[in-house]
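# Report on the structure
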Amino acid sequence: MLLTVVISSAGSKALAQSLPSNLPIDPSNFDISGIDPALIERIKNGDMSAINDLKNSVGSSFTVPTIKVSQKITSGVVKAVGLAMEQKPMEPATPLGTSLGLNAGIVVTATKLPADFLTSLQSMGIKSSANLPPALPTAGIIIQKGLGDSIDIGGSYLKFKSLFKLWSANAKIVLYHPEEGLTWAIRMNYTSAKVLIVSTQTYSPQLIVSRQLAFADPYLGIGAQYIRGTIDMDIPTKLPDAAIALGAPKTIKVHGDGSAYTGNGFIGIRFVIPRVGLMLGFEGSYSLAKAHSLGVKLGLSL
């Protein structure tokens, strides 16, 4: 039987007293619905018989207690991280073509953190949330390849130790590409990211229109964004070693599931120097979730 604890305004102080005082999450924000607080207090005071009482109260299959973060709070965190970490191809509707049809570039983006992200962190008791910057910068290396006259695919991968990992994939289908006039295309972006204790998956279908010129290709588009993800971490307890040896929990698990829908509009331009292939692009987006972004892309288009 898994012990589950849920967020409540009348949180139990017993959990807070049994955990380290320097945690980034304030455990007094959580209420223990599956454990009698008196049992925790007895264990803390060295009453080893309370271990058996604890096991008996929850059954023989005693496992590590879990703090379940509410879906509303998790969704606020997941949405902000998912939108900020989304890898944007920063490409117009124009196909790359079949000559070589390859470009690679470094993308740097700054995304404004939505207001409900800060609210969610404060609800979890993260004390340093007030010191967060107004925008979150991210970077990545994206490679795009043309397949025929109407299909482009691309992707990226980036990892930094155990703190940060993301990979993305995208596919674009050109719907209409006249010799002169507007080019229309649809694109699907997918980004998987893990930042510290937050894991997200972001899906973004888009409609793009562009007008290719001699040295530039301005474009604009609209898209929908669906983000889902989790919060997972282990919090060490301060229970006596003897109690832990008898089966008391050494850690408390924190887990939450969340998801969010939103949409955005974006506008950008890509410059390419012929023959040299030097590429420079800029893109800005307006987000219905207030997670507006600005980005720049520098690389080669061959």
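In case you missed it, the structure is sitting above this.
Remember, it's a predicted structure, so these values are computed and weren't measured experimentally.

### Topic: the overall build of the protein
On a plain count of helices and strands, the protein comes out with six helices and 13 strands. A buried classification covers 47% of the 302 residues belonging to the protein. Looking at the protein alone, contacts between residues at least 24 apart form 62% of all its contacts between residues at least 6 apart. As presented, the protein carries roughly 14600 Å² of accessible surface, and 64% of it is formed by carbon and sulfur atoms.

### Observations regarding the pairing of strand S5 (residues 135-147)
Looking at chain direction, strand S4 (residues 102-112) and S5 are connected through 11 bridges and run antiparallel. Bridge pairing links Thr109 to Thr138 in S5. Two strands pair when backbone bridges link them, and S5 and strand S6 (residues 151-160) are joined in this way by six bridges, in the antiparallel orientation. Each bridged residue has a counterpart across the sheet, and for Lys145 the counterpart in S6 is Ile153. Hairpin connection between S5 and S6: a loop of three residues separates the two successive antiparallel strands, and Gly148 in this loop has a positive phi of roughly 80 degrees.

### As for the pattern of salt bridges
What the rule picks out here adds up to five salt bridges. Close ionic contact of Arg270 with Asp217 constitutes a salt bridge, the shortest N to O distance being 4.0 Å. Of this pair, Arg270 sits in strand S11 (residues 251-272) while Asp217 sits in strand S10 (residues 216-236), and the two are 53 residues apart along the sequence. Across this residue pair, the class does not change: Arg270 and Asp217 are buried. In this structure, Asp234 engages Lys253 in a salt bridge whose closest nitrogen and oxygen atoms are separated by 3.4 Å. With Asp234 in strand S10 and Lys253 in strand S11, this pair connects stretches of sequence that are 19 residues apart. Judged by its relative accessible area of 45%, Asp234 is partly exposed. Within the structure, one salt-bridge network assembled from shared partners comprises Glu91, Asp217, Arg270 and Lys297.

### Things to note about the environment of Ile235
In this structure, Ile235 sits in strand S10. In this structure, the C-alpha to C-alpha distance between Ile235 and Ile252, residues 17 residues apart in sequence, is 5.0 Å.

### Overview of the packing of aromatic side chains
The description of an aromatic ring pair uses the distance of the two centres, along with the angle that the planes make with each other. Tallying each qualifying case throughout the model produces four aromatic pairs. Ring geometry for Tyr190 against Tyr203: centres 5.0 Å apart, planes inclined by 55 degrees, an arrangement best described as tilted. Taken together, the residues Tyr190 in strand S8 (residues 183-195) and Tyr203 in strand S9 (residues 198-210) connect sequence positions 13 residues apart. Judged by relative accessible area, Tyr190 falls into the buried class, the value being 16%. A relative accessible area of 23% places Tyr203 in the partly exposed class. Pairing Tyr203 with Tyr226 gives two aromatic rings, centres 6.1 Å apart and planes at 25 degrees, and the pair type is stacked. Placement of the pair is Tyr203 in strand S9 and Tyr226 in strand S10, with a sequence separation of 23 residues. Taken together, Trp167, Tyr190, Tyr203, Tyr226 and Tyr261 form an aromatic cluster joined through their ring pairs.

### With respect to a nonpolar patch on the surface
Where nonpolar side chains cluster on the molecular surface, the patch consists of Leu147, Ile151, Ile153, Ile173, Leu175, Tyr176, Leu182, Trp184, Ile186, Leu207 and Ile222 and spans about 970 Å² of accessible area. Element by element, the count of residues in the nonpolar patch is highest for strand S7 (residues 164-176), at three residues. Mapping Ile186 onto the fold places it in strand S8.

Conventions and cut-offs
- Numbering of residues starts from 1 in each chain and follows the order in which that chain's sequence is written.
- This being a predicted model, a pLDDT of at least 70 is required before a residue's local features are given, and a value of 80 or more before pairs of side-chain atoms are given or counted; all residues contribute to the totals for chains, interfaces and linings.
- Hydrogens and water molecules were not included; the side-chain quantities draw on all heavy atoms of the structure.
- Every helix listed is a DSSP run of H or I at least four residues long, and every strand listed is a run of E at least two residues long, numbered separately from the N terminus.
- A 1.4 Å probe rolled over the protein chains alone gives each residue an accessible area, and that area as a share of the maximum for its type sets the label: buried under 20%, exposed over 50%, partly exposed in between.
- By the convention used here, residues are in contact when the closest approach between their heavy atoms is within 4.5 Å.
- The accessible surface values rely on the Shrake-Rupley method and a 1.4 Å probe; as for residues, cover is taken only from the protein chains in view.
- Whether two strands pair comes down to DSSP finding at least two bridges between them.
- We define a salt bridge as a side-chain nitrogen of Lys or Arg found within 4 Å of a carboxyl oxygen belonging to Asp or Glu.
- Pairing of aromatic rings covers Phe, Tyr and the six-membered ring of Trp, with a centre-to-centre limit of 6.5 Å; geometry is then stacked below 30 degrees between planes, edge-to-face above 60, and tilted otherwise.
- Within this analysis, patches are made of residues with over 30% relative accessible area and no salt bridge. Like charges are joined at 9 Å or less; nonpolar side chains (Val, Leu, Ile, Met, Phe, Trp, Tyr) at 5 Å or less.

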